[in-house]
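# A structural walkthrough
Here is how the chains run, residue by residue.
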Amino acid sequence: MKRWFKIWCIAGIVAGAGLSACKGFLDVKPNDRFTGADYWRNADDAQMGVNAAYSQMRDQYTKCIQYNFADFRPGNYDFWNKTNFRAISQNLLRSSLVSGTDGTNVPRESWETWYRSIASANLAVVRINGMTSDQIGDVQKEQLVAEARFVRSFIYYCLVQNYGNVPFQFSPYEIDMKPKMNQVQILDSCIIDLRKAAQVLPVAYNDPTYRAVRATKGAALTLIAHMYMWQAGFDKARAEELNRNAANACKEVMDLGVYKLLPYTEETMHDIFKGRSEEGIWEISMDVNYGNVTGNFLAQWVLHQPILGTATNLYGGLGSEITIKREYMDIMYPPGESDNRFTLWFDDPYNTVNPQSQMFLKFSSVSDPVARRFDANMIIFRYAGLLLLRAEALANIGDDDGARTLLNEIRLRAQASDYLGAGGQPLKDAIFLERVKELWGEGHRWYDLVRTGRVTDISQCENVLTQDEFDRGAWTWPTPISAMRKNPKITQTAYWAQ
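What counts, and where the lines are drawn
- Residues numbered from 1 in each chain as written.
- Predicted model: local features only at pLDDT ≥ 70, side-chain atom pairs only at ≥ 80, totals over all residues.
- Heavy atoms only, no water.
- Helix = DSSP H or I, 4+ residues; strand = E, 2+ residues; numbered from the N terminus.
- Rg over C-alpha atoms; globule rule 2.2 N^0.38 Å.
- Buried < 20%, exposed > 50% of the residue type's maximum accessible area, 1.4 Å probe, protein only.
- Core = buried A, V, L, I, M, F, W, Y, C linked by side-chain atoms within 4.5 Å.
- Contact = heavy atoms within 4.5 Å.
- Disulfide = S-S within 2.5 Å.
- Phe/Tyr/Trp six-rings, centres within 6.5 Å; stacked < 30°, edge-to-face > 60°.
- Salt bridge = Lys/Arg side-chain N within 4 Å of Asp/Glu carboxyl O.
- Axes fitted to C-alpha atoms, helices over the stretch in contact; angles between N-to-C directions.
- Parallel < 35°, antiparallel > 145°, perpendicular 65-115°, else oblique.
- Left-handed = near helix turned anticlockwise from the far one by under 90°.
- Nonpolar A, V, L, I, M, F, W, Y, C, P; charged D, E, K, R; others polar.
- Lys, Arg positive; Asp, Glu negative; His and termini not counted.
- Polar contact = N/O pair within 3.5 Å; in protein donor to acceptor, adjacent residues only side chain to side chain.
- 1 Å grid on protein atoms, 1.4 Å probe; cavity = no way out; pocket = protein on both sides within 12 Å on 5 of 7 lines; lining within 4 Å.
- Points joined across faces, edges and corners; volume = space filled by probe spheres on them.
- Expected span 1.5 Å × (residues − 1).

Moving on, we come to the overall build of the chain. From N to C terminus, the chain includes 20 helices and 8 strands. A compact globule built from 498 residues would reach a C-alpha radius of gyration of about 23 Å, and the chain, at 22 Å, matches this within 12%. Its C-alpha atoms give the chain principal-axis dimensions of roughly 65 × 50 × 50 Å. Scored against the burial criterion, the 498 residues of the chain give a buried share of 61%.

Time to look at the nonpolar core. In this structure, Phe 150, Leu 159, Trp 282 and Trp 446 are the most contacted members of the largest nonpolar core, which totals 149 residues. Of the residues forming this core, the biggest block, 14 residues, is contributed by helix α7 (residues 138-163). Sequence-distant contacts of Trp 282, that is, excluding residues within four places in its chain, are made with Tyr 54, Met 57, Phe 150, Phe 154, Ala 212, Val 213, Arg 214, Ala 215, Ala 219, Ile 379, Ile 380 and Phe 381.

Let us now look at the environment of Asp 255. Within the secondary structure layout, Asp 255 lies in helix α10 (residues 239-256). For the pair formed by Asp 255 and Gly 218, sequence separation is 37 residues and the distance between their alpha carbons is 9.7 Å.

Enumeration according to the criterion identifies 0 disulfides in this entry. Here Cys 190 is not disulfide-linked; the sulfur of Cys 158 is the nearest cysteine sulfur, at 11 Å. Residue classification places Cys 190 among the buried residues on the basis of a relative accessible area of 0%.

All right, on to the packing of aromatic side chains then. The description of two aromatic rings rests on the distance between their centres and on the angle between their planes. The tally for this structure, following the rule as stated, stands at 45 aromatic pairs. When the ring of Phe 273 is compared with that of Trp 345, the centres are 5.9 Å apart and the planes differ by 85 degrees; the resulting orientation is edge-to-face. Taken together, the residues span a long stretch of sequence, with Phe 273 in helix α11 (residues 266-274) and Trp 345 in helix α14 (residues 340-345) at a distance of 72 residues. You can call Trp 345 buried: its relative accessible area is 0%. Where Phe 297 meets Phe 374, the ring centres are 5.8 Å apart and the plane angle is 70 degrees; that geometry is what we call edge-to-face. Highlighted residues: Phe 297 in the loop between β2 (280-284) and α12 (299-302) and Phe 374 in strand β7 (residues 373-374), separated in sequence by 77 residues.

What follows is about the pattern of salt bridges. Close approach of charged atoms allows side chains with opposite charge to pair. Here the structure, examined in full by the defined rule, presents 35 salt bridges. The shortest N-O distance in the salt bridge between Glu 112 and Arg 116 comes to 2.9 Å. A residue pair is termed a helical-turn pair when its members lie 3 or 4 positions apart in one helix, as Glu 112 and Arg 116 do in helix α6 (residues 112-129) at 4 residues. The residue Asp 375 makes a salt bridge to Lys 274 at a minimum N-O spacing of 3.3 Å.

Moving on, we get to the packing of helix α2 (residues 43-63) against α6. Packed helix pairs are specified by the crossing angle of their axes together with the interaxial distance, meaning the distance between the axes. In contact at an axis separation of 8 Å, α2 and α6 are set at 165 degrees when each is read in the N-to-C sense. Compared by their axis directions, α2 and α6 come out roughly antiparallel. Judged by the sense of rotation from one axis to the other, the crossing of α2 with α6 is left-handed. Along the contact surface, α2 presents Ala 46, Gly 49, Val 50, Ala 52, Ala 53, Gln 56, Met 57, Asp 59, Gln 60, Tyr 61 and Lys 63, while α6 presents Thr 113, Trp 114, Arg 116, Ser 117, Ser 120, Ala 121, Ala 124 and Ile 128. Residue composition of the contact of α2 with α6, by class: 10 nonpolar, 6 polar and 3 charged.

What follows is about the side chain of Lys 141. In this structure, Lys 141 sits in helix α7. In this structure, Lys 141 is buried with no salt-bridge partner, the nearest side chain bearing the opposite charge being Asp 138 at 5.6 Å. At 2.8 Å, the side chain of Lys 141 forms a polar contact with the backbone oxygen of Met 131. Excluding its chain neighbours within four sequence positions, the residues that come into contact with Lys 141 are Ile 128, Asn 129, Met 131 and Ile 136.

If a probe the size of a water molecule is rolled over the atoms, the empty space left behind becomes visible. Applying the stated criterion to the full structure yields 7 cavities of 30 Å³ or more. Its volume calculated, the largest cavity comes out at about 210 Å³. What lines the largest cavity is a set of 20 residues, among which Gln 161, Ile 380, Gly 443, His 444 and Tyr 447 lie closest to the centre. Counting residues per element, the ones that place at least two in the lining of the largest cavity are α7, α9 (217-234), β8 (378-382) and α18 (445-452). When grouped by side-chain class, the residues that make up the lining of the largest cavity number 10 nonpolar, 6 polar and 4 charged.

Under the 1.5 Å per step criterion, the end-to-end length of helix α16 (residues 400-413) is 20 Å for 14 residues, consistent within 8% with the ideal 20 Å. Those residues of α16 lying buried are Gly 402, Ala 403, Arg 404, Leu 406, Leu 407, Asn 408, Ile 410, Arg 411 and Arg 413. Buried-residue contacts for α16 involve α10, α11, α14, β8, α15 (383-396) and α17 (425-438). Of the residues trailing α16, Gln 415 is marked for its positive phi of about 55 degrees.

Right under this line is the structure:
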């Protein structure tokens, strides 16, 4: 059992196949030479080793509801016959209803795919750093190491968002079992690592198919900003410092000059959420041209004919499997107030044709409606979200004017009226609501509720937690039993141990 990290390392690299972008970055063939002495001999080997880490990361998103878990857990949906999603929204994460259907049980059963990707990245950092200039050029060497650093830091960020404290390891060769490490300390280490990566990652790639789906300086800085904001929610003593650091990291991304808000029109909406637009910072590529097919994606459940063929003959094919509750629609989009997002993103928002006729159109780029294949990336970070994150950080440190300016920049793009309310808490609440509206369906909402403490506020979500439940880790997934069996130093989170 003491070899568990080493086993993950080998398994993760051997299984590294299928990352999407252009040919060469995409075509990663299984290769049992990754850990052998005859590997890591040239630039192609190094590229394939990094691609393995990307590929394992992507596997987690395609085999389960990883991307949209954070959208479902707060509730505020009518889940109709999707009892597995309803159980998640009620925090019944141990229930048999949270089953293999849609991969809803995967986060509870195993975090092995995450750690395989980390192991692949760890090995890539060490082995590529050890390659000579005769084997790989210095510029490419630095960039590939930086990409591996980014991937493993991103995965640790995902792990702490889902599990809180987790085992932490940056070395591919250390085989001793590790207990859980405090999540704030994990992110401290990752931020240092990401700063190293950001120094050498390119601002952009010449190949447009790499845009947003391969690590860049902007993606690394954006991840740093999100890590600071997560830490601020759990390290109150450093909260002001962490908010200031997050605001500065966001400004660094803005100063790169490579991202911009695109106008919200019907055409540009599809460009943004298909992916690789000028607004995209970091995305999981789901380009159908490279054979990327997954059913574990929000669009699967919020669209129906004629945009998407239905899995059943629900209302003659005119019923979505889940819909947003009207009362929450009215919170996001108060009646009588204009907002292009409401107009563009929703078809029959109030279910006037039948109880399930509403469609959420954000991810409606469908390549094959009959086979239910999508042509829309999983958007992780985009520029609008970054601007709102900076607005939130500025409001938290008392810069109401700066925060209001950014908030109104987002509202102007949506052709909504300016926020003219008070500063302080009302402004913070307005920024939070704007993140809810702007990022709905993009996998942020539960995590935003957790890090800001709003998850204990019944007005903010249906799956409200008491402060005691929150403190004992009810906001997490249970630590997988499979991990505790492999490593007895890992203990169950207090709430889930009861």
